[in-house]
Amino acid sequence: MAEIKKHQEEVNPDDPRDFIDVYLGEVEKKKEDPLAGFNVDTLLVCTLDLMEAGTESTTTTLRWAMVLMMNYPEIQAKVQAEIDAVIGQSRQPTLTDRPEMPYTDAVIHEVQRFGNIVPLGFPKMASKDTTLGGYFIPKGTVTTSNLASVLFDKNEWETPDVFNPGHFLDAEGRFQRRDAFLPFSAGKRACLGEHLAKMQLFLFFSAIMQRFTLTTLPGEMPSLVGVQGFTNAPEQFRVMAVPR
Ligand code: HEM
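Since this is a predicted model, take the numbers as computed values, not measurements.

Rules of the game
Residues numbered from 1 in each chain as written. Predicted model: local features only at pLDDT ≥ 70, side-chain atom pairs only at ≥ 80, totals over all residues. Heavy atoms only, no water. Buried < 20%, exposed > 50% of the residue type's maximum accessible area, 1.4 Å probe, protein only. Helix = DSSP H or I, 4+ residues; strand = E, 2+ residues; numbered from the N terminus. Arc of directions from axis to C-beta. Contact = heavy atoms within 4.5 Å. Polar contact = N/O pair within 3.5 Å; in protein donor to acceptor, adjacent residues only side chain to side chain.

Enquirer: I keep staring at helix α2 (residues 19–29) and nothing clicks. Help me out?
Expert: Structural remark: α-helix, 3.6 residues per turn; residues separated by three or four positions point the same way. All of the buried residues in α2 are Ile-20, Asp-21, Tyr-23, Leu-24 and Val-27. Taken end-on, α2 shows its buried residues confined to a sector of 165°, consistent with a single buried face. Against α1 (2–10) and α3 (40–71) lie the buried residues of α2. In this structure Asp-18 caps α2, since a side-chain oxygen of it lies 3.3 Å from the backbone nitrogen of Ile-20.

Below, the structure is given as structure tokens:
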């Protein structure tokens, strides 16, 4: 809140410096229309969403990617070979590279499946009596979605408990979508940042793999068992990033 106050004092509508300045511009423009929903309270919640829902989730997934590449150096080498063939070393990865990089795309999807960072979705409360899948759910009942059960479903995945990018590749090595890939949940209240998160994961992961090989310190292989906090995250680990 203090940061928003500081922005309110300093903002120049003709030269917004960041998200908060742009939003304050909308608050000013829409002040005659309270139903538009632009006010300082919604700005605060949007900023919190960006920091909590938006930052913690993507960085935790990237930490899982690092842990998994250290555990599976042969998979890391295949990602790097694809990056070298499609992008090379002279420029940074861009989103237009992604369709040409099915193996890297499959690895990122498998990192998200295996990392399972939001095992139980976010709790919701039924706003009225309803029936779902034959079950009566009275108004006021708290429900949540068991995403982990889908991401590790033995009827959906060939090797549910093993990290296997092949889950997202067809016989010709092309990327294939899977219906049971639901790390962002499903339905009306699914993740609002899915598109942004996927872009960030591709750009950051491929840029790291392009520049570095990730290895362990002697005797310090990071665990593949997560620790449950706000997200299901890897244990703290140390990594040696060797420039390529
Ligand atoms: C790898 C990254 C991410 C994962 C795995 C993820 C996953 C999820 C999941 C599972 C939910 C709960 C859906 C439910 O309760 O059914 C959710 C909600 C949400 N996420 Fe994400 N998320 C990610 C990144 C982001 C980013 C980058 C943003 C925004 C910048 C974001 C914004 C939100 C918001 C606003 C909600 C609440 C949606 C609502 O209740 O209507 N997320 N996310």
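Enquirer: Whenever I open this one, unusual backbone geometry confuses me. Can you help?
Expert: Excluding glycine, most residues fall at negative phi; most peptide bonds, likewise, are trans. Notably, Asn-116 is not glycine yet its phi reads approximately 45°, a positive angle. Here Asn-116 lies in the loop between α5 (102–115) and β1 (124–125). By relative accessible area, Asn-116 is classed as buried at 10%. Of note, the phi angle at Ser-185 is positive, near 70°, even though the residue is not glycine. With respect to the element layout, Ser-185 can be found in the loop between α6 (147–151) and α7 (194–211).

Enquirer: Can you walk me through the environment of Thr-130 in this structure?
Expert: The topology assignment puts Thr-130 in strand β2 (residues 130–132). Not counting the four nearest positions on each side in its chain, Thr-130 is found in contact with Tyr-135, Phe-136 and Ile-137.

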